[in-house]
Structures are given as C-alpha cells and as structure tokens.
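# Structure at a glance
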Amino acid sequence: MDHSNHVRLAPTELTTETLDGATIYGADDHKVGHVSHVHGMGPTSQIIIDVGGFLGLGAKPVAVAATDLEFMRDEDGDVHAVTTWTKEQLEKMPEHHH
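Keep in mind that this is a model prediction, so the values were computed, not measured. (Residues numbered from 1 in each chain as written. Predicted model: local features only at pLDDT ≥ 70, side-chain atom pairs only at ≥ 80, totals over all residues. Heavy atoms only, no water.)

Another aspect to go through is the side chain of His 3. Summarising the element assignment, His 3 is placed in the segment before strand E1 (7–8). With a relative accessible area of 10%, His 3 lands in the buried category. A polar side-chain atom of His 3 sits 2.9 Å from a polar atom in the side chain of Asp 29. (Helix = DSSP H or I, 4+ residues; strand = E, 2+ residues; numbered from the N terminus. Buried < 20%, exposed > 50% of the residue type's maximum accessible area, 1.4 Å probe, protein only. Polar contact = N/O pair within 3.5 Å; in protein donor to acceptor, adjacent residues only side chain to side chain.)

Here the focus is the nonpolar core. Leu 19, Ile 24, Val 35, Ile 47, Ile 49, Leu 69 and Phe 71 are the most contacted members of the largest nonpolar core, which totals 20 residues. Of all elements in the fold, only strand E3 (31–39), strand E4 (46–51), strand E5 (60–65), strand E6 (69–73) and strand E7 (79–83) reach the threshold of two or more residues within this core. In contact with Val 35, other than residues within four places in its own chain, are Leu 19, Asp 20, Gly 21, Ala 22, Ile 24, Ile 47, Ile 48 and Phe 71. (Core = buried A, V, L, I, M, F, W, Y, C linked by side-chain atoms within 4.5 Å. Contact = heavy atoms within 4.5 Å.)

Here Asp 74 lies in the loop between E6 and E7. No salt bridge is formed by the buried Asp 74; the nearest opposite charge belongs to Arg 73, separated by 7.8 Å. A polar side-chain atom of Asp 74 sits 2.9 Å from the main-chain amide nitrogen of Asp 78. Filtering out sequence-adjacent residues up to four positions away, Asp 74 remains in contact with His 6 and His 80. (Lys, Arg positive; Asp, Glu negative; His and termini not counted. Salt bridge = Lys/Arg side-chain N within 4 Å of Asp/Glu carboxyl O.)

Attention now goes to the sheet that holds E7. Strands sit in the order E1-E6-E7-E2-E3-E4-E5 across an open sheet of 7 strands; the sheet is mixed. Here the strands that pair on one side only, and so sit at the sheet edges, are E1 and E5. The pairing of E4 with E5 spans 6 bridges and is antiparallel. For Ile 48, the partnering residue across the bridge sits in E5 and is Ala 63. (Pairing = 2+ DSSP bridges.)

A separate point is the pairing of E3. Where strand E2 (residues 23–25) meets E3, 3 bridges bridge the pair, whose relative direction is antiparallel. Counted as the bridge partner of Tyr 25 is Lys 31 from E3. Counting the residues in the hairpin turn of E2 and E3 gives 5 residues, including Asp 29, whose phi is positive at 65°. In the sheet, E3 pairs with E4 via 6 bridges, with the strands oriented antiparallel. What sits directly across from His 34, in E4, is Asp 50.

So, in structure tokens, the structure goes:
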C-alpha cells in the first residue's frame, strides 16, 4: 500500500475514539496487528497493539509509544498506522497487562 498520499493525523487526534481498531502495518508493509486501546492522549500516549492471533483469538497485547507509529487516514477516511517494527519484533515484546 502506498501511504505517501495519506493524511497524517494531528497529535490531538491520537485518542482512543480515533485509533481504536486501527490496522498497524509493519516494516514490510504487511499487517502486524490492530490497536486494542490507548493509554493517555496525544504523542506521549502508549498504544496497545494486539499482535498475532487469528480472528481476535490468541492475540498478544504489547505496548508501544505513539511516537513509534505514524497514524494516517487513507482515501476512504480509514485510520491506520505504519511502524518500522516487524511482526516478529512485536511478538517478542513483553505482554501488556491491564
């Protein structure tokens, strides 16, 4: 997917309401997970990503800094993010506990 024409989100848009369920694309532009929930607001927030699993089962929640993700909207207005992390790197991160 070519993300170059997608509109980047403003820091004030980095909220649970906007980001919940957003697809995360990894370094190889493959889907690596989805946003589970957000701790905090804006660029200092932590984004909890469900990585792996199948149809929501067996996914592992990991926490990453909002600054490690580049959130944007595609031509249809759907929010998604790009990261330099690979799925394998995310799966090796410690599991996030609520």
